[in-house]
Amino acid sequence: MKYTDKISLDLMRDQVWKYLGILKNGFSPDTDLLEIRAINKNGSRPQRFEAVEDAVKHVMKVNGKANVYVVFNQANPTVKIPVGEGIKNEDIAFRTWIMIDCDVTKKAKGDSVTNQSPPEAWQATRTMAEKLEQYIKKYNHNINGLITDSGNGHKLFIKIFLPNNSETDSLIAGFYDVISKLFSNDIVDIDVSVKNPARIERVCGTFNLKGEGNPDYEKRVSWIVHDPGTGNYGLLEKSQLAKILEDNKNLVSCQAGTTTTSARVGPARKPGPDDPDAVKAAYDDVQRLCKAGGVTIKQVDKNPSIKYAYKFIIDKCPNAKSHSVEDAYNTIALFIMKDGTRGFACQHGHCKDKVVYGDFRAMCEPSYSGYNERKKELRATGDLYDRILTEADQ
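Residues numbered from 1 in each chain as written. Predicted model: local features only at pLDDT ≥ 70, side-chain atom pairs only at ≥ 80, totals over all residues. Heavy atoms only, no water.

Q: What is the right way to read the overall build of the protein from this model?
A: When helices and strands are counted, the protein shows 10 helices and 16 strands. Split into buried and exposed, the 394 residues of the protein put 53% on the buried side. For the protein, the proportion of contacts with a sequence separation of at least 24, taken over those separated by at least 6, is 69%. (Helix = DSSP H or I, 4+ residues; strand = E, 2+ residues; numbered from the N terminus. Buried < 20%, exposed > 50% of the residue type's maximum accessible area, 1.4 Å probe, protein only. Contact = heavy atoms within 4.5 Å.)

Written out as structure tokens, the structure reads:
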């Protein structure tokens, strides 16, 4: 929502309290962990808190200096996360919310360089959130969604409580696929890239600094616009999610059920045997493509996990011209698995179709543009995720 002088810091603090309290009340009693991430041009600084009061104090301290986010699903309390590192997908114990992101389309935004939405398009995102809530009520009349205004559009939070496993991943990915195809239009887009378990969302009561410093920037603040109240959210059950998919099975794409440890690397896949020669060739190729695309490698992590040989943190996405200013600060990475397979990860909404290393190569290497046509062909045949990893990653 637009920031005005009538919105005091006390009102903003109350919103932060309320929002974080709602999230925490949705967690099971065995964990109190809230992870707050302050993101600005210097990067992302995750900090975790057991008490809402301490989290609120931290949020208000950094509010206005950074964009402030929270991990809204429940982390596993037994996992030891190193200081300075954020909660990862595999660290999530339970999915406690489905967050439906109603974005204004690029077409509707027009020429705005700050990613801000025209008033009528912004209002359309709230109308869409309300429409989606009514659709979900057909499957569970007790559902009452939490609706927030992020400053760019509206978000609908639906209460769930499901274990973080492959079955849940498949249901949620399929759900996003269905509602996007049913409801997205020329003005409002349902973002399907927000399906990963460790997804973060802007803390209500904090400033949205996207585009700050640009000529048409207008100060905005994230806000709760509809809260049915604790105990009144209902609970969307696994069987009801499955029913939504069953009723719309013609809309569920072949890749909807795939999941990843990063939202952009590609589907879950069984790695091949370790291949040091393939890893070395992949390492050289990453260096070559980064140089060709004007991309700087900021950090190289060797053996960051059991699956990966290398993780490269890079300074920008080759598709950065489509990003908002803020999202240029998010972590963008390349990966090499121990069998030599490569991956690309950028979590910006405009990169939601950039799913594999071949996309990164196509953006860095114009002579590889034919890949995009081949990708369309594979998608059309329903064979994209079975074959693109082997074709594009070579």
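Q: Would you take a moment to explain the sheet that holds strand 16 (residues 342-345) for this structure?
A: Strand pairing in a sheet relies on backbone hydrogen bonds, with the paired strands running either antiparallel or parallel. In spatial order, the strands read 13-14-15-16; together these 4 strands make up an open sheet with antiparallel pairing. Lying at the two open borders of the sheet, with one neighbouring strand each, are strand 13 (297-302) and strand 16. Taking each pair of neighbouring strands and ignoring which way they run, the sheet shows an average axis angle of 15°. Relative to strand 16, helix 8 (residues 357-364) is tilted by about 75°, and along the sheet it contacts strand 14 (308-314), strand 15 (332-337) and strand 16. (Pairing = 2+ DSSP bridges. Axes fitted to C-alpha atoms, helices over the stretch in contact; angles between N-to-C directions.)

Q: Honestly, the pattern of salt bridges in this entry has me stumped. Any pointers?
A: When the charged atoms of two side chains lie near each other, side chains of opposite charge can form a pair. The tally for this structure, following the rule as stated, stands at 19 salt bridges. Residue Asp169 pairs with Arg95 through a salt bridge whose shortest N-O separation is 2.7 Å. Here the residue Asp169 occupies a position in helix 5 (residues 166-183), and Arg95 occupies one in strand 5 (residues 92-104), the gap between them amounting to 74 residues. Judged on exposure class, the residue Asp169 and its partner Arg95 are both buried. Here Glu365 and Arg361 are joined by a salt bridge, their closest N and O atoms 2.8 Å apart. Like Arg361, Glu365 is buried. One continuous salt-bridge network, built from bridges that share partners, spans Asp285, Arg288, Arg342, Arg361 and Glu365. (Salt bridge = Lys/Arg side-chain N within 4 Å of Asp/Glu carboxyl O.)

Q: For this particular structure, what's the right way to read helix 6 (residues 238-247)?
A: An α-helical turn contains 3.6 residues, so a residue and the one three or four places further along point in the same direction. Turning to helix 6, its buried residues are Gln240, Leu241, Ile244 and Leu245. For helix 6, the buried positions fall inside an angular range of 145° around the axis, keeping them on one side. Each element contacted by the buried residues of helix 6 is listed here: strand 5, helix 4 (119-137), strand 7 (154-163) and helix 5. (Arc of directions from axis to C-beta.)

Q: Honestly, empty space enclosed by the protein in this entry has me stumped. Any pointers?
A: One way to see where empty space is left: roll a probe the size of a water molecule over the atoms. One pass over the full model with this rule turns up 2 cavities of 30 Å³ or more. Phe72, Asn73, Arg95, Trp97, Ile98, Met99, Ile172, Tyr176, Val194, Asn196 and Arg199 together form the lining of the largest cavity. Per element, the largest residue contribution to the lining of the largest cavity is 4 residues, and it comes from strand 5. (1 Å grid on protein atoms, 1.4 Å probe; cavity = no way out; pocket = protein on both sides within 12 Å on 5 of 7 lines; lining within 4 Å. Points joined across faces, edges and corners; volume = space filled by probe spheres on them.)

Q: Just to check I follow, could you spell out helix 8 for this structure?
A: Summarising burial for helix 8: 7 of the 8 residues are buried, a large majority. Buried within helix 8 we find Tyr357, Gly358, Asp359, Phe360, Arg361, Ala362 and Cys364.

Q: Looking at this structure, how should I read the confidence of the model for the protein?
A: For any part of a model where pLDDT is low, the fine detail of the predicted coordinates should not be relied upon. The predicted model of the protein averages 80 in pLDDT, with 76% of residues at 70 or higher. Summarising per-element confidence for the protein, the mean pLDDT is lowest in helix 10 (residues 384-392) (39) and highest in strand 6 (residues 146-149) (96). Low pLDDT, under 50, characterises residues 378-394; the predicted model gives this stretch 35 contacts beyond four residues in sequence or across chains. (pLDDT = per-residue confidence, 0-100.)

Q: Just to check I follow, could you spell out the pairing of strand 5 for this structure?
A: Side-chain direction in a regular strand flips from residue to residue, so the side chains alternate between the two faces of the sheet. With 10 of its 13 residues buried, strand 5 lies for the most part within the structure. Note that strand 4 (residues 74-75) and strand 5 share 2 bridges and pair antiparallel. Within the sheet, the bridge partner assigned to Gln74 lies in strand 5 and is Phe94. As paired strands, strand 5 and strand 7 are joined by 8 bridges and run antiparallel to one another. Along strand 7, the bridge assignment pairs Asp101 with Lys155.

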